Each structure stands twice: as structure tokens, then as C-alpha cells.
Amino acid sequence: MDIGTLWEAAVRDRDRSPFLTFITRPGDSNTWSYRQFGQLVRLTADRLRAAGAAPGRTVHLDLHNSPAFIMCWLACASLGAVAVGCEPEAEVPELVDQLDRTRPVLGVVGLDRRWTYRNAVSRSTVPELTVIELTEDEPDTLAGSPLLGGATRSTATEGTGAGAGSREMPPDALSVFFTAPAHAALPTEAPPPNSPPASPPPARSDGRILTHAACAGIAREHATTHGLDPNSRWFITGDLHDPATLAAELTAVITAGAAAILAARFSPDTWIDQTERFGATHTRFSAGRLSALVDATARGGAPARGAEPARRDDDPERGDAGAGTAGLVTDAPRASTLESVIVGPGAVDAAFDRFAKLTGVRPVVASGTVIAAADLLPLSSSSEDIPANAGTPV
């Protein structure tokens, strides 16, 4: 099943059930049901289609965690277009490299990075690229938003031919991601004798493609392994431009018909408060973010709590059925609604112990398929170089 079809089925089946709660930078929040967010995705798809998005064409997303990222990603999946995820702090040379290698029909960027992005576009092989600028906040979901038919600044005239140079992707491509390379590029030839040592050429990002099949398979595996059900609320702490976050967290939520909680920024000082406020039941940390959280609490940013929180009165769907006990620390007070906490490889035991004391839940090391470069299709110079069956879980 492709991700667009998976999403449409979830919208149909879950309808008025909560899908996404977004926590803004100031700490305000808003929640959309599956039906409400489905309408936003359909309107976004109309906007992207008008800009040239189509099966096999690419859309470049330079966005932080936000409803807009999810709207664009699901709209691309529904259209058969390929979303290109980008580290939002990427500098001009890296952006130019990504644009040259994927040749998108459309770029979407946060307002605070628009000048860096436009500088990169002007230096790339797609200098006339249409660019949509967004707030990466709730206004992107309201009438008048550039994604929903409102006015937008553009570097190109939209319509036929706007994306004529776009690179075609392999048939099952869902998303493209760029990861930091392990080594700098090697020189193509030896330097002349007695010449001064030259600086090594800059390392090139490693481009990889996540397929619909791989994403759906990993999502099913994680939803089953970690006991997701329609009553679950997954607090997404990873970055949406990371394929592991999209497959093992967001798409797993959709697969189970569960709800997602997303913050504009990961904040170690307020994360535990947020889990209690929004009733998070599941989450997944990288080793680095788990360490940042426990370090913040050691500095006094989030003191441990010992009282069982009252059940939320405004949550008619949650009940005692399905409330898991795996991973609970029986000799520590339950301090939150958390049921399952997954951590990527590399975390130290002391971080596990400290988190268990803070929340009453001991994290477990991630099981199941872990997305690595070897699990994804290489972004080669030609789609003909890519085997049709590559990129699926092994």
C-alpha cells in the first residue's frame, strides 16, 4: 500500500478522532482530527499540483517540525510526488547541492530562512524555482495560507513548464533525504610535485531514497512491536526530515489510527511537562536527545514528580483497555501517562536510570527495522541505475 492510500484510509476510518496536536514555540497548542487534517492535506495537494507537483516530480522541503511539513509530505504522497527532506540549518552550498541533484518543481521554506534559501536557488541549476514561504506555525493551516490558496511570493511563473527540468524519480519513491557523509571527497588526481598542500574538497551529502513500500513496512512493524492502538498518543521527538521519524513514528501513528503530538522545538526543560499535559503514551528518543533531557533535569530544569496525574476528563476515547505495562518500573511512582519509551542505539545506562526515576518508565532499546543508509535506495545519477526491489525492509 502506498502512503497516500494509507492516509486516505485512516481519514475515512478515524474521521473525528484526534490526529495531531501541535505545540507552538510559545507553548500554545491546537489539535486537528483526522477529518480536519485530511482537508488540509487535500487543499495542500491542490496547491502543490498547481505548482507542478506530479508523480515522480520532486518538492524540496526546508522546514522544521510543523503541521506544514506533515501537510506537504502527505500531499506529496497522495500526488505520487517525491518530498525532499532538508536539514533546516543547511547552508547555501549544501542547499545548492541538493537542488542540483533533485531538480525540484517547488521549494517550501520557513520565513526565517528565506534569504538563505533564495540565495541557494539563484546559484543552483533551477534558478527559476517557485518558492513558498511559511510560518511553520498554526497560520499555515488557516485560510489565506500560501499552502491553502493564499498569496505567496514566487521566483517563477507557475503553470505549464514551471518544473520542466525536474528530475524523474524511481516509481516507488516517497522521500529523498540527505545525510552527512562519513568522509570528504577524494581528489580526482594527484597534486603537482612540490605544490603546497591543498585543502581537502568539501564532503558531499549522501542522498538516499525512502520508498513507499519500505516506509509502510517499517511503520507496520513499529506499530505492532510497540503496541500502538487508536487510544495511543505518540509524542514525536525526532526531526521530520529524518526518514526514521517519518516511518517509525508518524507513519506508525497513521497505521494504528493513533494520535501524534508534535512540538515546534524539542525542549529538554519542558518535555516532561508536555507529556503530562497532553497525555503522551509513547515516544522515541535518539541517544543524544535522551541525554539532553536527563542533563536538563540534573540542572533542575524538570524536577521528578511522584504523583499519579488525574485522567484527562476531555479524553473520552482513552480507557483502561490497552493500557500497557511493559517497561514500567514497579518500584518507582508513575509520574506520567507514558507506557512505552524507545531509544535509539548509543544511550548509556545512566541515562536510562535517570529517565526511569523521572517518569516511572524505563526506556527500551529500539527493536525492529532501524533505517540506515544501507536500507535506502541510493540517489544515483539516473533512475535506471536503481533496482526496482531495493529499499524494502530486510
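See the structure above.
Residues numbered from 1 in each chain as written. Predicted model: local features only at pLDDT ≥ 70, side-chain atom pairs only at ≥ 80, totals over all residues. Heavy atoms only, no water.

1. Things to note about the overall build of the protein
In terms of helices and strands, the protein carries ten helices and 14 strands. Of all 394 residues assigned to the protein, the portion counted as buried reaches 52%. Contacts in the protein between residues far apart in sequence, at least 24 positions, make up 76% of those at least 6 positions apart. Working note: accessible area of the protein is about 17100 Å², and carbon and sulfur atoms make up 53% of it. (Helix = DSSP H or I, 4+ residues; strand = E, 2+ residues; numbered from the N terminus. Buried < 20%, exposed > 50% of the residue type's maximum accessible area, 1.4 Å probe, protein only. Contact = heavy atoms within 4.5 Å. Areas by Shrake-Rupley, 256 points an atom, 1.4 Å probe, with all protein chains shown as cover.)

2. Structural notes on the nonpolar core
Residues Phe37 and Trp73 are the most contacted members of the largest nonpolar core, which totals 67 residues. When residues of this core are assigned to their parent elements, the largest contribution, eleven residues, is made by helix α3 (residues 67-79). The next biggest cluster of nonpolar side chains, apart from the first, holds 22 residues, and it includes Ile272, Phe278, Phe355 and Leu358. (Core = buried A, V, L, I, M, F, W, Y, C linked by side-chain atoms within 4.5 Å.)

3. Quick notes on the environment of Ala216
Among the secondary structure elements, Ala216 is positioned in helix α6 (residues 212-225). Classification of Ala216 by relative accessible area gives buried; the value is 7%. Remark: the alpha-carbon pair of Ala216 and Leu6, spanning 210 residues in sequence, is separated by 8.4 Å. Not counting residues within four places of it along the chain, the set of residues in contact with Ala216 comprises Met1 and Ile3.

4. Describing the pattern of salt bridges
All chains considered together, the criterion is met by eleven salt bridges. Arg49 is paired through a salt bridge with Asp46; the nearest N and O atoms lie 3.0 Å apart. Of this pair, Arg49 and Asp46 both sit in helix α2 (residues 34-50), three residues apart, which is roughly one turn of the helix. The exposure class of Asp46 is partly exposed, given its relative accessible area of 42%. With a closest N to O distance of 2.8 Å, Asp112 and Arg113 form a salt bridge. (Salt bridge = Lys/Arg side-chain N within 4 Å of Asp/Glu carboxyl O.)

5. A closer look at α2
With 17 residues, α2 extends 24 Å from end C-alpha to end C-alpha; this agrees with the ideal 24 Å at 1.5 Å per step. Regarding α2, the residues found buried are Tyr34, Phe37, Gly38, Leu40, Val41, Thr44, Ala45, Arg47 and Leu48. (Expected span 1.5 Å × (residues − 1).)

6. Describing the side chain of His241
The residue His241 is located in the loop between β9 (233-236) and α7 (243-256) in this model. Here the side chain of His241 touches Glu87 through a polar contact of 3.4 Å, side chain to side chain. Excluding residues within four positions of it along the chain, His241 makes contact with Phe69, Gly85, Cys86, Glu87, Pro88 and Phe177. (Polar contact = N/O pair within 3.5 Å; in protein donor to acceptor, adjacent residues only side chain to side chain.)

7. Concerning the packing of helix α4 (residues 92-102) against helix α5 (residues 114-123)
One can describe the packing of α4 onto α5 by two numbers: an axis separation of 8 Å at closest approach and a directional angle of 50°. The orientation of α4 with respect to α5, classified from their angle, is oblique. For α4 against α5, the interelement crossing comes out right-handed. Contacts between α4 and α5 involve Val92, Leu95, Val96 and Leu99 from the first element and Thr116, Tyr117, Asn119, Ala120, Val121 and Arg123 from the second. Residues of the contact of α4 with α5, tallied by class, amount to seven nonpolar, two polar and one charged. (Axes fitted to C-alpha atoms, helices over the stretch in contact; angles between N-to-C directions. Parallel < 35°, antiparallel > 145°, perpendicular 65-115°, else oblique. Left-handed = near helix turned anticlockwise from the far one by under 90°. Nonpolar A, V, L, I, M, F, W, Y, C, P; charged D, E, K, R; others polar.)

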